[in-house]
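# Tertiary structure, described
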Amino acid sequence: MWWRSASFILDHRLQEDPPNDIASSSKEPDTLSKLSPPQTHSSFMAAADPFNPIPNPKISAYYQTRAAHTAVVTSDWLAQAQAAVGHHPDDSPAPQTQLLASPSASGKSFCVINEFNNWRKQPDLAEAVAAIRALAAVIRASEATTMMELEIELKKASDSLKSWDTTSISLTAGCDLFMRYVTRTSALEYEDFNSARSRLIERAEKFGEISCKARRIIAMLSQDFIFDGCTILVHGFSRVVLEVLKTAAQNKKLFRVFCTEGRPDRTGLRFSNELAKLDVPVKLLIDSAVAYTMDEVDMVFVGADGVVESGGIINMMGTYQIALVAHSMNKPVYVAAESYKFARLYPLDQKDMAPALRPIDFGVPIPSKVEVERSARDYTPPQYLTLLFTDLGVLTPSVVSDELIQLYL
Amino acid sequence: MDPRRASRTVSDPKIRQVGFFAPPPDRSFSGPPDPISTSTPNPAAATTTAAAANTSSPPPISDLSPSGNSLSPVMIPPPRHSSDTTHRPVPFPPVSPLRRDTLSLTVGSYNNNNNNIISSSPTASFYDESKGITVKVSPTPAASSFPGGGFDLTAVKASSVPASGLTTVSVVKTLPPGFTETIVEKVGGSVEMQNDLPANSKPLKERTSKAERRALQEAQRAAKAAAKAEGSKLSATTSGAVASANAKPTKATKPSSQKNDSATVASSEKKGGDRPPEKDRKKDAPHPRMQYDDKSRVEKAKRRAVVKQTEARNRVELFRHLPQYEHGTQLPDLESKFFQLDPVHPVVYKVGLQYISGDISGGNARCIAMLQAFQEAIKDYSTPDEKTLTRDLTAKINSYVSFLNECRPLSISMGNAIRFLKNRIAKLPLTLSESEAKAFLQSDIEQFISEKIILADKVIVKHAVTKIRDGDVLLTHGSSSAVEMILLHAHELGKQFRVVIVDSRPKLEGQLLLRRLVGKGLSCTYANINAVSYIMHEVTRVFLGASSVLSNGTVYSRVGTACVAMVAHEFRVPVLVCCEAYKFHERVQLDSICSNELGDPDAISKVPGREDINYLDGCTNSENLQLLNLIYDATPSDYVSMIVTDYGMVPPTSVPVIVREYCRDQVWI
């Protein structure tokens, strides 16, 4: 808001031309003279502000994971981007330091990150589930002799996982939920260590199982909402949404799908490929054609990177505008998201979250003076969403907070 | 975080299974029992959930029933592979053998005690089973402020027919306000059923809901009048809730038949048939808010009152139910009484005087002052002979509370604190000696103050500061202690931001805040509320305090807050309300009229020190002039982006969740 305010202009002038400020700000002298030169000097705003050059041009780890999992053309331009940036993503500093910092990793051959990476290689396994599996392995491999020790070790492992990729919401949320779920048993209080430990492992396994099954459950729940002859608009490549549509196709439902192209990583292309394999009629749209086609659409289906406390979602860039268009045309917007994506975040607006940056290839060289908005995801507020399909059931956005409060408090 | 929460393990089968307990798909459709949502005694919360979950989940049909047969709100009903997505039939839970008709879903579980009474006195075959419900529902004051809109509108359709049908059998039924009805059936049928099965079909009558609360009230009044005329004792427990008059059936129906289709209320029963439940209800029922337009009760209250208030003239018609007094008249009188022997403890007396004079204001300050006064009073308390501490102390506290209430109407947060204290007194172990019990209570109060107010504020500050970024322009209205702490803390952290303080007459509390903030070196802008629409476009966040947050997310706060929130919403500026969880209340309020406080009317008609603009001098006694100085207003939840509370940052829709999980039964600590 502030950047379109009059005082902001004054601030700019203040910044450029300090001696002039008393004259220019005579209206609010007290305020302005005390207001320090804003924005550009503060690191936080610099990171969040699209108008500023991005200080650290590293590609977010979140985006790498996404790209590796979902995109068609990513591998080559990811390599390009890496070459441009100059360092390999694997030797990005965060995991390294964490590995050294974690005593469990240094002392033994076992390491959470390696374990996590092993699990992550499975194409169908979500990042959070991989993390959950890795954490379960931590318990199994642990040589701790007291409950406290084990808990601390687990905490360390989850912290190192979280810091491995701070931008991934589902990873953080998955780790948090695992900790809540596994360690919050009253049974631990009065059992001997070994049985308590096996109980923890049991719970961890169960949690992993549930998380694995989540997609199936969501696909089942959503079947009632897909009716014969409907047209579904899909944005991004979401494995849950794919599962939903796959199940619908198996149930002999007749529907067609519109896929947005999903620039720049062309996730829509791959999604349409998958759907074509299922013999579902599918049509590709360029991202800017959403409003044009919206009147034909019966419902919008999107996945989510994270579901936040307000009931809104954080998802691939473009979801917000699709939701806005759908809302203004009274089309339902359905979100399919596993409950391990529920995060205790509450963004108030688009800039109120850690940005996940990605490279964008425009095909032509961009002059250095031109800035590029490179954020990979946006926040869709809850009032534009109709329902969330989760493995906890079909929820309205306001129930998300209910579930989160019960999970975390 | 909270030791109490430790027992709520996810593995406990009695607890509602959330999170990763999604049952296998086939089972999930059958809808497992949902203890939390079914046992909620709070119809307001239930309604909100139902409203929020309008499209997906089936309406929580048996929210009031402890039977546990209802569907979980998060579970969808069995799959129906048709194209209809929004309207699905409500799957009925298995009907108990007692209930032959699906009609009785909601009330069936209250049968048991009614049936006993009925079987013992066959004359009471038209015994009003609403009694059973009233007992359950009345603990929530929400009932009294629940307007007609709260009812399912479908219930209206069936209303006129059953009313007449019922009059013929001289049974008039009540539906407690706030009771959500989702299924409407013909009541005529149920009446016939009744003749066949007098005992079993009791609950069937529950259907006749009439939507209009207005009508409800009128009918109640009529019924009361009739009852009074007959000389039967009027039970005055729940003034706003279901009429509990012991009118004879014939009499009770007369007004209702006069009222024709609108009359549904008036409980008809045999005199004395329900003495014990009546008493129970009296105990359970919240202290009814006094309606100051009810002349007889005002007279009665006046006789009891310590504070002799003179009532203001020319009160605004719409707000006659609120107390309004001439300000400044009672203080000298009370001060002179200070040294008289009085049932009121001197410390409490002092706090009361400070309330009147306005020396203590602000929700937290008033609440802390009150609690500390009670602490002192408990310290000096000794149980009289032949009395028990539990009862006598409660009575004492009650008298203090009513004294304080006369000085200035209690805020909702204070009501919560009082409920907490009384609950603690009631739960004292009998084995404790008097001194132990007193120490116990004092430490409880201490703990309440430190945990629920002071620590809560710290947590709120911690949360809210994360939402302040460099370069922000923050707007606040009036003077809220929580907001002040947030701003100061953010400043200490070195964040670069600017503050806009919007203030309003007559209290101009913002100036105090402004003074303190400027003193700490924050850059501030001061504006009157008239300028809010001008200033709003440069604001990035609005931080507001609250006197209370109600179950539907309505923020009850200093007058002007709603205006600021609305303007902010219009400008798409996020509105953050900072409120400690002890101020949450399960009541639902839709407007600022039903419950509010009236300030001194002179304060708005005069500007002190400005003789030149006191245009109203001399007209204030005119019959045609009515001055309204409201103290609070209600901000609808639509205008609130986030509520920052000690349980984290939650959307306004989650207030009932917190009330349900933490504030019920005044567990608090």
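Residues numbered from 1 in each chain as written. Chains lettered and ligands numbered in written order. Predicted model: local features only at pLDDT ≥ 70, side-chain atom pairs only at ≥ 80, totals over all residues. Heavy atoms only, no water.

### Digging into the overall build of chain B
Filter applied, for reference: Runs of H or I in DSSP of at least four residues are treated as helices and runs of E of at least two as strands, each being numbered from the N terminus. Residue burial is assigned from relative accessible area. The probe radius is 1.4 Å, only protein chains are included, and a residue is buried under 20% of its type maximum, exposed over 50%, and partly exposed in between. We call two residues in contact when some of their heavy atoms are within 4.5 Å. Here the open area of atoms and residues is found with the Shrake-Rupley method and a 1.4 Å probe, where only the protein chains shown may cover a residue.
When helices and strands are counted, chain B shows 25 helices and 11 strands. Looking at the 669 residues of chain B, the share that counts as buried comes to 55%. Counting only contacts in chain B whose residues sit at least 6 apart along the sequence, the fraction spanning at least 24 positions is 76%. Surface exposure of chain B reaches about 28300 Å², of which carbon and sulfur atoms provide 55%.

### Considering the overall build of chain A
Helix and strand counts for chain A come out as 18 helices and 10 strands. Buried positions account for 58% of the 409 residues belonging to chain A. Taking as baseline every contact in chain A between residues at least 6 positions apart, the subset at least 24 positions apart corresponds to 74%. Summed over all atoms, the accessible surface of chain A reaches about 17100 Å², with 56% contributed by carbon and sulfur.

### Remarks on the packing of aromatic side chains
Under the convention used in this document: Any two of the Phe, Tyr and Trp rings considered here, Trp counted by its six-membered ring, make a pair once their centres fall within 6.5 Å; the pair's planes then place it as stacked at under 30 degrees, edge-to-face at over 60, or tilted in between. Two conditions define a charge located above a ring, namely a distance within 6 Å from the ring centre to NZ of Lys or CZ of Arg, and an angle within 35 degrees of the ring normal.
Tallied over the full model, the rule gives 12 aromatic pairs over all chains. Judged by centre distance (5.0 Å) and plane angle (25°), the rings of Tyr-556 of chain B and Tyr-632 of chain B are stacked. Here the residue Tyr-556 of chain B occupies a position in strand 6 (residues 555–558), and Tyr-632 of chain B occupies one in strand 9 (residues 632–635), the gap between them amounting to 76 residues. We classify Tyr-632 of chain B as buried; its relative accessible area is 9%. A connected cluster of aromatic rings, assembled from ring pairs, spans Phe-225, Phe-301, Tyr-334 and Phe-389 of chain A. Sitting over the face of the ring of Phe-237 of chain A, Arg-270 of chain A holds its NZ or CZ atom 4.4 Å from the ring centroid. The positively charged end of Arg-366 of chain B is found above the aromatic ring belonging to Tyr-355 of chain B, 5.4 Å away from the centroid.

### Details of the sheet that holds strand 6 of chain B
Residue and element names in this part refer to chain B. Put simply, the rule reads: By this definition, two strands are paired if DSSP reports at least two bridges between them.
Spatially, the four strands line up as an open sheet ordered 8-5-6-9, and their pairing is mixed. Of all the strands in the sheet, the pair left with one neighbour each is strand 8 (584–585) and strand 9. One ladder, built from two bridges, connects strand 5 (residues 548–550) with strand 6; its direction is antiparallel. Considered in strand 6, the bridge of Ser-548 is made with Tyr-556.

### A word on the packing of helix 13 (residues 193–222) of chain A against helix 14 (residues 239–250) of chain A
Residues and elements named next belong to chain A. This is how it is decided: Axis angles are defined between N-to-C directions and span 0 to 180 degrees, where every axis is a line fitted to C-alpha atoms and, for a helix, only to the segment in contact. Comment on the angle field: the value is read as roughly parallel under 35 degrees, roughly antiparallel over 145, roughly perpendicular from 65 to 115, and oblique elsewhere. A clockwise turn of the near helix away from the far one marks a right-handed crossing, whereas an anticlockwise turn of less than a right angle marks a left-handed crossing. In this classification, the charged set is Asp, Glu, Lys and Arg, the nonpolar set is Ala, Val, Leu, Ile, Met, Phe, Trp, Tyr, Cys and Pro, and all remaining amino acids, among them Gly, are polar.
Relative orientation of the contacting elements helix 13 and helix 14 amounts to 50°, with a least axis distance of 8 Å. The orientation of helix 13 with respect to helix 14, classified from their angle, is oblique. Taken as a pair, helix 13 and helix 14 cross one another with a handedness that is right-handed. Within the contact between the two elements, helix 13 uses Arg-215, Arg-216, Ile-218, Ala-219 and Ser-222 and helix 14 uses Arg-239, Val-240, Glu-243, Val-244 and Thr-247. Grouping the constituent residues of the contact of helix 13 with helix 14 by class yields four nonpolar, two polar and four charged.

### Topic: a nonpolar patch on the surface
Residue and element names in this part refer to chain A. Filter applied, for reference: Each patch is built from residues lacking any salt bridge and having more than 30% relative accessible area; the joining distance is 9 Å for like charges and 5 Å for nonpolar side chains (Val, Leu, Ile, Met, Phe, Trp, Tyr). The salt bridge criterion pairs a side-chain nitrogen of Lys or Arg with a carboxyl oxygen of Asp or Glu, the two atoms within 4 Å.
The grouping of Phe-362, Val-364, Ile-366 and Val-370 at the surface amounts to a nonpolar patch, some 350 Å² of accessible area in total. Its location among the elements puts Ile-366 in the loop between strand 7 (333–336) and strand 8 (377–380). Residue Ile-366 is classed as partly exposed on the basis of its relative accessible area, which comes to 37%.

### Description of the environment of Leu-488 of chain B
Residues and elements named next belong to chain B. Checked against the element boundaries, Leu-488 lands in helix 20 (residues 481–492). Judged by its relative accessible area of 17%, Leu-488 is buried. In sequence terms Leu-488 and Leu-522 are 34 residues apart; their C-alpha atoms lie 8.1 Å from each other. Apart from residues no more than four positions distant in its own chain, Leu-488 is found in contact with Leu-517, Lys-520 and Leu-522.

### Section: the pairing of strand 4 (residues 541–545) of chain B
All names here are of chain B. Of all five residues making up strand 4, five are buried, and the element is well covered by its neighbours. Of the two faces of strand 4, the one carrying Arg-541, Phe-543 and Gly-545 and the one carrying Val-542 and Leu-544 are both buried. For strand 1 (residues 472–477) and strand 4, the ladder comprises three bridges, and the chain directions are parallel. Note that in strand 4 the partner of Thr-476 across the bridge is Phe-543. Across four bridges, strand 4 lies against strand 7 (residues 575–578) in parallel orientation.

### Side note on the pairing of strand 2 (residues 497–503) of chain B
Looking along a regular strand, one sees side chains alternate from face to face of the sheet. Residues and elements named next belong to chain B. Here is the rule we go by: Handedness of a crossover: with both strands directed away from the viewer, a clockwise path from the first strand across the helix to the second marks it as right-handed.
Most of strand 2 is tucked away, with seven of its seven residues classed as buried. Burial along strand 2 is two-sided: the face carrying Phe-497, Val-499, Ile-501 and Asp-503 and the face carrying Arg-498, Val-500 and Val-502 are both buried. In this fold, the crossover linking strand 1 to strand 2 by way of helix 20 has right-handed handedness. In the sheet, strand 2 pairs with strand 3 (residues 523–528) via six bridges, with the strands oriented parallel. Considered in strand 3, the bridge of Val-499 is made with Cys-524.

### Quick notes on helix 18 (residues 397–408) of chain A
Residues and elements named next belong to chain A. What counts here: The span one expects for a helix is its residue count, reduced by one, times 1.5 Å.
Over its 12 residues, helix 18 extends 17 Å from the first C-alpha to the last, a length consistent with the 16 Å expected when each residue adds 1.5 Å. Counting buried positions along helix 18 gives 12 out of 12 residues, so the element sits mostly inside the fold. Those residues of helix 18 that sit buried are Pro-397, Ser-398, Val-399, Val-400, Ser-401, Asp-402, Glu-403, Leu-404, Ile-405, Gln-406, Leu-407 and Tyr-408.

### Focus on the sheet that holds strand 8 of chain A
All names here are of chain A. Overall, antiparallel pairing links the three strands, which are arranged 5-6-8 in an open sheet. Edge strands, defined here as strands with exactly one partner in the open sheet, are strand 5 (306–307) and strand 8. With four bridges connecting them, strand 6 (residues 313–316) and strand 8 associate as antiparallel partners. Within strand 8, the residue paired with Ile-314 across the bridge is Tyr-379.

### Remarks on the nonpolar core
Residues and elements named next belong to chain A. Worth spelling out the cut-off: The set of buried Ala, Val, Leu, Ile, Met, Phe, Trp, Tyr and Cys residues whose side-chain atoms join them within 4.5 Å is what this entry labels a nonpolar core. Residue ranges assigned to each domain were obtained from an automatic or database domain assignment.
One finds Ile-139, Phe-178, Leu-233 and Val-300 to be the most contacted residues of the largest nonpolar core, which totals 65 residues. Looking at which domains feed residues into this core, each of domain 1 (22–213) and domain 2 (226–408) supplies at least three. Those residues in contact with Ile-139 that sit more than four places away from it in its chain are Leu-150, Leu-154, Phe-178, Val-182, Arg-197, Leu-200, Ile-201 and Ala-204.

### Thoughts on the confidence of the model for chain B
A low pLDDT score tells you not to read the predicted coordinates there in detail. Residues and elements named next belong to chain B. This is how it is decided: pLDDT expresses how confident the predictor is about each individual residue, on a scale running from 0 to 100.
The share of residues in chain B with pLDDT of 70 or more is 52%, and the mean pLDDT across the chain is 67. Within chain B, strand 7 carries the highest mean pLDDT (95), whereas helix 6 (residues 142–145) carries the lowest (38). In the model, residues 1–208 has pLDDT below 50 throughout and makes 386 contacts with residues more than four positions away in sequence or in other chains. Confidence over residues 232–286 falls short of pLDDT 50; this stretch has 130 contacts with residues more than four positions distant or in other chains. Interface predicted TM-score (ipTM) for the complex: 0.70; the corresponding pTM is 0.65.

### Side note on the packing of helix 16 (residues 363–379) of chain B against helix 17 (residues 389–407) of chain B
How two helices pack is summed up by the angle between their axes together with the distance between the axes. All names here are of chain B. At their nearest, the axes of helix 16 and helix 17 sit 12 Å apart, and the two run at 140° to each other. Taken together, helix 16 and helix 17 sit at an angle that is classed as oblique. Crossing of helix 16 against helix 17: the hand is right-handed. Contacts between helix 16 and helix 17 pair Met-370, Phe-374, Ala-377 and Ile-378 from the former with Leu-393, Ile-397, Tyr-400, Val-401 and Leu-404 from the latter. Split by residue class, the contact of helix 16 with helix 17 holds nine nonpolar, no polar and no charged.

### Focus on the pattern of salt bridges
Per the stated rule, a full pass over the model turns up 27 salt bridges over all chains. Its salt-bridge partner being Glu-205 of chain A, residue Arg-140 of chain A comes within 2.2 Å of it at the nearest N-O pair. Of this pair, Arg-140 of chain A sits in helix 10 (residues 127–141) while Glu-205 of chain A sits in helix 13, and the two are 65 residues apart along the sequence. For Arg-660 of chain B, the salt bridge goes to Glu-661 of chain B, with nearest N and O atoms at 3.6 Å. For the pair shown, Arg-660 of chain B and Glu-661 of chain B are each scored as buried. Through salt bridges that share partners, Asp-349 and Asp-352 of chain A together with Lys-467, Arg-469 and Arg-541 of chain B make up one connected network.

### Structural notes on the environment of Val-575 of chain B
Residue and element names in this part refer to chain B. By secondary structure assignment, the location of Val-575 is in strand 7. In this structure Val-575 comes out as buried when scored by relative accessible area, which is 1%. Separated by 31 residues in sequence, Val-575 and Leu-544 place their C-alpha atoms 7.4 Å apart. Not counting residues within four places of it along the chain, the set of residues in contact with Val-575 comprises Val-542, Leu-544, Ala-565, Ala-568, Tyr-639, Val-640, Ser-641 and Met-642.

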